[in-house]
Amino acid sequence: MRWRVRLLDCESNGKETEMKILVVGASGVIGSAVVAELGKRHDIVAAGRSASVRLDISDGASIKAAYEKIGRLDAVVVAAGSVKFAPLAQMHAADYEVGLMNKLMGQVNLVLIGRDYVREGGSFTLTSGILDSEFIRGGTSASMVNGGLNTFVMAAAIEMPRGQRINIVSPGVVAESQDDYESDFRGFETVPAARVARAFAKSVEGAQTGQVYRVV
Ligand SMILES: NC(=O)c1ccc[n+]([C@@H]2O[C@H](COP(=O)([O-])OP(=O)(O)OC[C@H]3O[C@@H](n4cnc5c(N)ncnc54)[C@H](OP(=O)(O)O)[C@@H]3O)[C@@H](O)[C@H]2O)c1
């Protein structure tokens, strides 16, 4: 153990190095908890459609423009993404496109475009959700998108460039969102946003890659 402490002292005087972290969806229920957690130790760049760094995850050009504006990053966190909820009987192809082009490809595009802006050994952390493994009425699109995101992350991890890591957080129903979701999620336990945020910290500040962090 002593050699490890000495190594840390030599490299960084024993202090954690501050990172520059892009948080997409920073004003949201989960995003604001992530900003509160990671903002204690790191420099946060807040992004969203109405944030100081404006980007729409469904618009690749706006993602590219935001990365160009920000410059080099240590980590990217995404806590944004919409899907359509409706009974299967009312769902048509165009209804699935909402989730595919927004929550799924929006997050994937933040990785594809962002790999050139994130430093060697930096990280990406995406968001899926409990409907990846538990199912509710009206949730087919959310389940499809969340499952797709989880498997994208596990597959991408083995070929990310320049030692970059990628993980995903799959939260249960967040306590602060319960009023919005309760009727669709009867009987589901809730999880405080602060606990979800710690999974993002584990991803950004840890060393693992290809992980699905379930917080339920
Ligand atoms: N809350 C839950 O219980 C829960 C549970 C499991 C999974 N999730 C997932 O976690 C993610 C975040 O959920 P949340 O409840 O924190 O959402 P939220 O409170 O509605 O916040 C969404 C955030 O994303 C930004 N945003 C929305 N659309 C965007 C777009 N097209 N491009 C860029 N930014 C966009 C919003 O800011 P602007 O309006 O300024 O763009 C806001 O900051 C979602 O994918 C959701 O499915 C949530």
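Residues numbered from 1 in each chain as written. Predicted model: local features only at pLDDT ≥ 70, side-chain atom pairs only at ≥ 80, totals over all residues. Heavy atoms only, no water.

## Regarding the environment of Thr125
Stage number 1. Among the secondary structure elements, Thr125 is positioned in strand E5 (residues 118–127).
Stage number 2. On the accessibility criterion, Thr125 (0% relative accessible area) is buried.
Stage number 3. If sequence neighbours within four positions are ignored, Thr125 has contacts with Val76, Val77, Val78, Asn167, Val169, Phe200, Ser203 and Val204. (Helix = DSSP H or I, 4+ residues; strand = E, 2+ residues; numbered from the N terminus. Buried < 20%, exposed > 50% of the residue type's maximum accessible area, 1.4 Å probe, protein only. Contact = heavy atoms within 4.5 Å.)

## Description of the packing of aromatic side chains
Stage number 1. Evaluated as defined, the whole model comprises three aromatic pairs.
Stage number 2. Here Tyr67 and Tyr117 contribute two aromatic rings whose centre-to-centre distance is 5.2 Å and whose plane-to-plane angle is 10°, an arrangement assigned as stacked. Of the two residues, Tyr67 sits in helix H3 (residues 60–70) while Tyr117 sits in the loop between helix H4 (93–114) and E5, which places them 50 residues apart along the sequence. You'll find Tyr67 and Tyr117 in the same group, each marked buried.
Stage number 3. Pairing Phe185 with Phe188 gives two aromatic rings, centres 5.1 Å apart and planes at 80°, and the pair type is edge-to-face.
Stage number 4. Accessibility expressed as a relative area gives 10% for Phe185, which makes it buried.
Stage number 5. Of the aromatic side chains, those joined through ring pairs into one cluster are Tyr181, Phe185 and Phe188. (Phe/Tyr/Trp six-rings, centres within 6.5 Å; stacked < 30°, edge-to-face > 60°.)

## Considering the pattern of salt bridges
Stage number 1. Inspection of every chain in the model, using the stated rule, returns seven salt bridges.
Stage number 2. One salt bridge connects Glu205 with Arg41, and the closest N-O pair in it is separated by 2.8 Å. In this pair, Glu205 is assigned in helix H7 (residues 193–205) and Arg41 in the loop between helix H2 (29–38) and strand E2 (43–48), connecting sequence segments 164 residues apart.
Stage number 3. Given the relative accessible area of 27%, Glu205 is considered partly exposed.
Stage number 4. The partner of Asp74 in a salt bridge is Arg119, and the shortest N-O contact between them spans 2.6 Å. Within this pair, whereas Asp74 is found in strand E4 (residues 73–78), its partner Arg119 is found in strand E5, the two being separated by 45 residues in sequence. (Salt bridge = Lys/Arg side-chain N within 4 Å of Asp/Glu carboxyl O.)

## A look at the packing of H4 against helix H5 (residues 140–157)
Helix-helix packing is described using two parameters, namely the angle between the two axes and the distance between the axes.
Stage number 1. Between H4 and H5, whose axes approach to 9 Å, the crossing angle comes to 20°. Overall, the two elements H4 and H5 adopt an arrangement that is roughly parallel. As for how H4 packs across H5, the hand of that crossing is right-handed. Where H4 approaches H5, its residues Tyr96, Gly99, Leu100, Lys103, Leu104, Gln107, Val108 and Val111 are matched on the opposing element by Thr140, Ser141, Met144, Val145, Asn146, Gly148, Leu149 and Phe152.
Stage number 2. Classifying every residue of the contact of H4 with H5 gives nine nonpolar, six polar and one charged. (Axes fitted to C-alpha atoms, helices over the stretch in contact; angles between N-to-C directions. Parallel < 35°, antiparallel > 145°, perpendicular 65-115°, else oblique. Left-handed = near helix turned anticlockwise from the far one by under 90°. Nonpolar A, V, L, I, M, F, W, Y, C, P; charged D, E, K, R; others polar.)

## Considering the layout of surface pockets
Stage number 1. Estimates place the volume of the largest pocket at around 1,000 Å³.
Stage number 2. In this structure, the largest pocket is lined by 38 residues; those nearest its centre are Ala79, Ala80, Gly81, Ser82 and Tyr181.
Stage number 3. Of all elements in the fold, only H2, E2, H4, H5 and strand E7 (173–174) reach the threshold of two or more residues within the lining of the largest pocket.
Stage number 4. In terms of residue count, H2 provides more of the lining of the largest pocket than any other element does, three residues in total.
Stage number 5. Tallied by class, residues from the lining of the largest pocket come to 20 nonpolar, 15 polar and three charged. (1 Å grid on protein atoms, 1.4 Å probe; cavity = no way out; pocket = protein on both sides within 12 Å on 5 of 7 lines; lining within 4 Å. Points joined across faces, edges and corners; volume = space filled by probe spheres on them.)

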